[in-house]
Amino acid sequence: MLALENIKRKIDIRIGVFKETLYYRLIRYMKPHTRWVAISLGISLVYGAANALNVPLSRDIFETLSKISSGSTTHNYFALFSVYVVYAIILRLSGIVCKFFQTYIMSYVSQRIIIDMRMDMYQHLHRLSMDFFKKWKLGDILSRIFGDIDQVQSTILSNFTSVFPELIKLIGVLGYITFLNWQLTLGTLIIVPFLMYIIDWFGNKLKLISGKIQKKNADIFSVIQEALSAIFIVQSFTMEGHEIKKFSKQNEKSFKISMKGLRIDALRSPVIELLQFAAISLVIWFGGYQIYIGKMSGPELASFFIGVLLLIDPILALSRVYTQTQRSMASARRVFTLIDIEPSIKEISKPIIFDSINGEVRFENINFYYEKSEGNVLRNIDITVTPGEIVALVGASGSGKTTFANLIPRFYDPTDGRMLVDGINIKDCQIFSLRNQIAIVPQDAMLFSGTIKDNISYGKLDATMEEIIEAAKKANAYEFIVKLKNGFYTRVGERGARLSGGQKQRISIARAILRNPKILILDEATSALDTESERLVQDALYKLMEGRTSFVIAHRLSTIVNADRIFVFDNGSIVEIGTHEELMKIDEGNYRKLYNLQFKRTSMPDIE
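Rules behind the numbers
- Residues numbered from 1 in each chain as written.
- Predicted model: local features only at pLDDT ≥ 70, side-chain atom pairs only at ≥ 80, totals over all residues.
- Heavy atoms only, no water.
- Helix = DSSP H or I, 4+ residues; strand = E, 2+ residues; numbered from the N terminus.
- Areas by Shrake-Rupley, 256 points an atom, 1.4 Å probe, with all protein chains shown as cover.
- 1 Å grid on protein atoms, 1.4 Å probe; cavity = no way out; pocket = protein on both sides within 12 Å on 5 of 7 lines; lining within 4 Å.
- Points joined across faces, edges and corners; volume = space filled by probe spheres on them.
- Nonpolar A, V, L, I, M, F, W, Y, C, P; charged D, E, K, R; others polar.
- Phe/Tyr/Trp six-rings, centres within 6.5 Å; stacked < 30°, edge-to-face > 60°.
- Buried < 20%, exposed > 50% of the residue type's maximum accessible area, 1.4 Å probe, protein only.
- Pairing = 2+ DSSP bridges.
- Core = buried A, V, L, I, M, F, W, Y, C linked by side-chain atoms within 4.5 Å.
- Polar contact = N/O pair within 3.5 Å; in protein donor to acceptor, adjacent residues only side chain to side chain.
- Contact = heavy atoms within 4.5 Å.
- Expected span 1.5 Å × (residues − 1).
- Patch = residues over 30% accessible without salt bridge, like charges linked within 9 Å, V, L, I, M, F, W, Y side chains within 5 Å.
- Salt bridge = Lys/Arg side-chain N within 4 Å of Asp/Glu carboxyl O.
- Lys, Arg positive; Asp, Glu negative; His and termini not counted.
- Charge placed at Lys NZ, Arg CZ, Asp CG, Glu CD.
- Axes fitted to C-alpha atoms, helices over the stretch in contact; angles between N-to-C directions.
- Parallel < 35°, antiparallel > 145°, perpendicular 65-115°, else oblique.
- Left-handed = near helix turned anticlockwise from the far one by under 90°.
- Bend = angle between axes of the 7 residues up to and from the residue.

## As for the overall build of the chain
- Regarding its fold elements, the chain presents 21 helices and 10 strands.
- Summing over all exposed atoms, the chain offers an accessible surface of approximately 32,600 Å²; the carbon and sulfur share of this is 60%.

As structure tokens, this is what we get:
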């Protein structure tokens, strides 16, 4: 009994290990398509059988030709020969039809699997936390979504369109030639262990190189993405040559790695062909000897030789598939490495769902760091913001303002302390319902490549046209929108490239207005605008902030003098709190220094 339990435990362990393998994870993607895979395997069986039957048929054809050439008149051998030829044509046509349907079905299955994998990866990316996107290059992510998954797809397709038909063909032909002459078959198969070793050696070498190639492709993706996304800076600083050299350098590195792989791949075929030639030579010599001692006839040897030739295609196909599989395993590993990354921001099993909130936000003894070795970015933050209060966050660059704001929608969790909304720890809340109560207007207004209507309704997809127009009016965007040829249906281009900075910012504000949030975060929303655009945007922002708990990050202090409270950040701590007037009364205060410094630089008129 104990022995049985030990065996069962070992089997369970091995099954558990297998379930962690890349092969098993890829096989799981086939589960929804089991019916089509089964049909494909059935067709493969017919295809393999049709090819294998050519071997005994060839023996009969050669024997009949031998009788015809000898002048035998006992039977009508030519009529029999004609029947055999018709059989050969039928077998060939059957193989062609089976190959077509099998390839088409498995192309469909492999495409569906790749779509499923891409969807899994894309959905997973949306679940990952902000710290992931700070650490990973966009080019590396895109390389895995496209290059690596395409590599996996080609392997899945080749496995099913080549492995199963050719394997069945191999088994059928091998079975027949063994029946025909087992000694000759055994002599032929002596070469197989050497062949398998060579194939495995080349496959492992190419697997290592393939991983390096995919990594280098990711570096190339990153160089392209970075340069093209900042093409305005590249061209304005006349750095096109520099970027081209960077790209060329990465390209050359990729070329060298690829050529190393190609050299190994180019060597693989001649070595395998040499072994095949040795096997065929052995068949010819030993077959001739079998005829000499009277154990085989000429037609039987010809049939055996055709069988050996028919074995070449399956062996070569299996060799190619094995090599390609080894290559794609490097790609599959890169895909699943990304899918296996756990988000740092996680929900509890039964989170609290916010249907609505009042908008009170409390930072309770908060400390935070991105990397422990770099020290705290926020230190000992302990403040409460009441519902509807407008709070301005000021301080030098890197003082912690944006990090402070990013804790509110739970883009990050504090290292120490608690974040509370309406007295509830946001770690106990459903992330979606929390963020659904928040709107963010970033400094760089991010628009998507659709219409103006699409972008305004992005936070509320079921909004009516009347609601969209009303939001545009409150954001001071309606006037410029209706002047456009296509009005709200004007396409804005990638990242809103066809609109000015002020126009993009007002559409971004309209999007926030339509969302109707209880908490609002404005990240330096007017810092990059001209005076007229700033006036329009600032007026829209005042309308937006009415009755909402608002956090305004700004370097242009003239825009936040009317805030209910101003938090002054310095080196991760809030060092001063008060209204504009209260903070201006503090001699040698940080806020007063920043304010006076800005007015000296810009010669702004005093704002009451």
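## What about the layout of surface pockets?
- In this structure, the second largest pocket occupies an estimated 330 Å³ of space.
- If you go around the second largest pocket, you meet 13 residues; those closest to its centre are Tyr-23, Ile-27, Met-30, Asn-159 and Phe-160.
- Of all the elements, helix α7 (residues 138–180) adds the most residues to the lining of the second largest pocket, at six residues.
- Partitioned by chemical class, the residues of the lining of the second largest pocket number nine nonpolar, three polar and one charged.

## Thoughts on the packing of aromatic side chains
- Enumeration according to the criterion identifies 16 aromatic pairs in this entry.
- Between Trp-36 and Tyr-108, the ring centres sit 6.1 Å apart and the planes meet at 65°, which makes this aromatic pair edge-to-face. In this pair, Trp-36 sits in helix α3 (residues 34–52) while Tyr-108 sits in helix α5 (residues 77–127), placing the two residues 72 residues apart along the sequence.
- Residue class for Trp-36 comes out partly exposed when judged on its relative accessible area of 31%.
- Their ring planes at 85° and their centres at 5.0 Å tell us that Phe-132 and Phe-133 sit as a pair that is edge-to-face.

## What to know about unusual backbone geometry
- With phi around 60°, Asn-476 is a residue other than glycine that occupies positive phi space.
- Structurally, the position occupied by Asn-476 is in the loop between α16 (465–474) and α17 (478–483).
- Given a relative accessible area of 17%, Asn-476 falls into the buried group.
- Its identity as a non-glycine residue notwithstanding, Asn-571 has a phi of 55°, on the positive side.
- Positionally, Asn-571 belongs in the loop between β9 (565–570) and β10 (573–578).

## Notes on the sheet that holds strand β4 (residues 416–421)
- Spatially, four strands are ordered β2-β1-β4-β5 in an open sheet, and the strand pairing comes out antiparallel. With one partner strand each, in any of the chains shown, β2 (378–385) and β5 (424–425) form the two edges of the open sheet.
- Taken together, the two bridges between β4 and β5 define a ladder with antiparallel strand orientation. In the sheet register, Val-421 faces β5, and the bridge partner there is Ile-424.

## Regarding the nonpolar core
- Membership of the largest hydrophobic core comes to 43 residues, with the highest contact counts inside it found for Ile-456, Ile-509, Leu-544, Ile-560, Ile-566 and Tyr-591.
- For this core, the element with the highest residue contribution is helix α18 (residues 501–515), accounting for six residues.
- Counting residues in each nonpolar core, the second largest holds 31 residues, with Phe-354, Ile-366, Phe-368 and Tyr-412 among its members.

## Overview of the side chain of Thr-490
- Mapped onto the secondary structure, Thr-490 falls in the loop between α17 and α18.
- A distance of 2.8 Å separates a polar side-chain atom of Thr-490 from the backbone oxygen of Gly-487.
- Aside from chain neighbours lying at most four places away, what touches Thr-490 is Gly-450, Thr-451, Ile-452 and Leu-484.

## Quick look at α18
- Relative to the 21 Å expected for 15 residues at 1.5 Å per residue, α18 spans 21 Å between its end C-alpha atoms, a close match to the ideal helical length.
- Counted residue by residue, α18 has 13 buried out of 15 residues, so it is predominantly covered.

## Quick notes on a positive patch on the surface
- A cluster of like positive charges, contributed by Lys-205, Lys-212, Lys-260 and Arg-263, occupies part of the molecular surface.
- For the positive patch, the secondary structure elements donating two or more residues are α9 (192–229) and α11 (240–292).
- With respect to the secondary-structure elements, Lys-212 resides in helix α9.

## Thoughts on the packing of α3 against α5
- Where α3 meets α5, the closest approach of the two axes is 9 Å, and the angle between their N-to-C directions is 155°. Overall, the two elements α3 and α5 adopt an arrangement that is roughly antiparallel. As for how α3 packs across α5, the hand of that crossing is left-handed. Residues Trp-36, Val-37, Ile-39, Ser-40, Ile-43, Ser-44, Val-46, Tyr-47 and Ala-50 of α3 lie in contact with α5, whose contacting residues are Leu-91, Gly-95, Cys-98, Lys-99, Phe-101, Gln-102, Ile-105, Met-106, Tyr-108 and Val-109.
- Considered class by class, the residues forming the contact of α3 with α5 number 14 nonpolar, four polar and one charged.

## Some points on a nonpolar patch on the surface
- Residues Leu-80, Val-83, Val-86, Tyr-87 and Ile-90 make up a contiguous nonpolar surface patch of about 410 Å² in total accessible area.
- Within the secondary structure, Val-86 sits in helix α5.

## With respect to the environment of Leu-541
- Summarising the element assignment, Leu-541 is placed in helix α19 (residues 531–545).
- Taking C-alpha positions, Leu-541 is 7.2 Å from Ile-509, a pair spaced 32 residues apart along the chain.

## Notes on the pairing of strand β8 (residues 549–553)
- Of all the five residues making up β8, five are buried; the element is thus mostly covered by neighbouring parts of the structure.
- Going residue by residue along β8, you find Thr-549, Phe-551 and Ile-553 tucked away on one face and Ser-550 and Val-552 tucked away on the opposite face as well.
- As judged from the four bridges shared by strand β3 (residues 390–395) and β8, these two strands associate in the parallel manner. The residue bridging Val-391 from the neighbouring strand is Phe-551, located in β8.
- Bridge count between strand β7 (residues 519–523) and β8: five bridges; the pairing is parallel. Bridging from a neighbouring strand, Asp-523 pairs with Ile-553 of β8.

## Remarks on the sheet that holds β7
- The six strands lie next to each other as β6-β7-β8-β3-β9-β10, forming an open sheet whose pairing is mixed. Two strands lie at the open edges of the sheet, namely β6 (438–441) and β10, each paired on one side alone. Averaged over neighbouring strand pairs, the angle between their axes works out to 20° when direction is ignored.
- Sitting on the sheet, α18 touches β6 and β7, and the angle it makes with β6 is about 175°.

## Focus: the environment of Ile-481
- With respect to the helices, strands and loops of the structure, Ile-481 is situated in helix α17.
- Every residue in contact with Ile-481, bar those within four places of it in the chain, is listed here: Ile-452, Ile-456, Ala-472, Gly-487 and Phe-488.

## Here's the deal with α7
- The end-to-end C-alpha distance of α7, which contains 43 residues, comes to 60 Å, matching closely the 63 Å that a straight helix rising 1.5 Å per residue would cover.
- Considering bend angle alone, the principal kink of α7 is centred on Arg-144 and spans about 35°.

## Observations concerning the pattern of salt bridges
- Within the structure shown, the criterion is met by 16 salt bridges.
- Residue Asp-140 is joined to Arg-144 by a salt bridge in which the shortest nitrogen-to-oxygen separation is 3.1 Å. Taken together, the positions of Asp-140 and Arg-144, both in helix α7 and four residues apart, correspond to about one turn of that helix. Each of the two residues, Asp-140 as well as Arg-144, counts as buried.
- In this structure, the salt-bridge partner of Arg-334 is Asp-140, at a minimum N-O distance of 3.3 Å. Taken together, the residues Arg-334 in helix α12 (residues 298–339) and Asp-140 in helix α7 connect sequence positions 194 residues apart.
- Accessibility expressed as a relative area gives 10% for Arg-334, which makes it buried.
- Taken together, the salt bridges that share partners define one network made up of Asp-140, Arg-144, Asp-148 and Arg-334.

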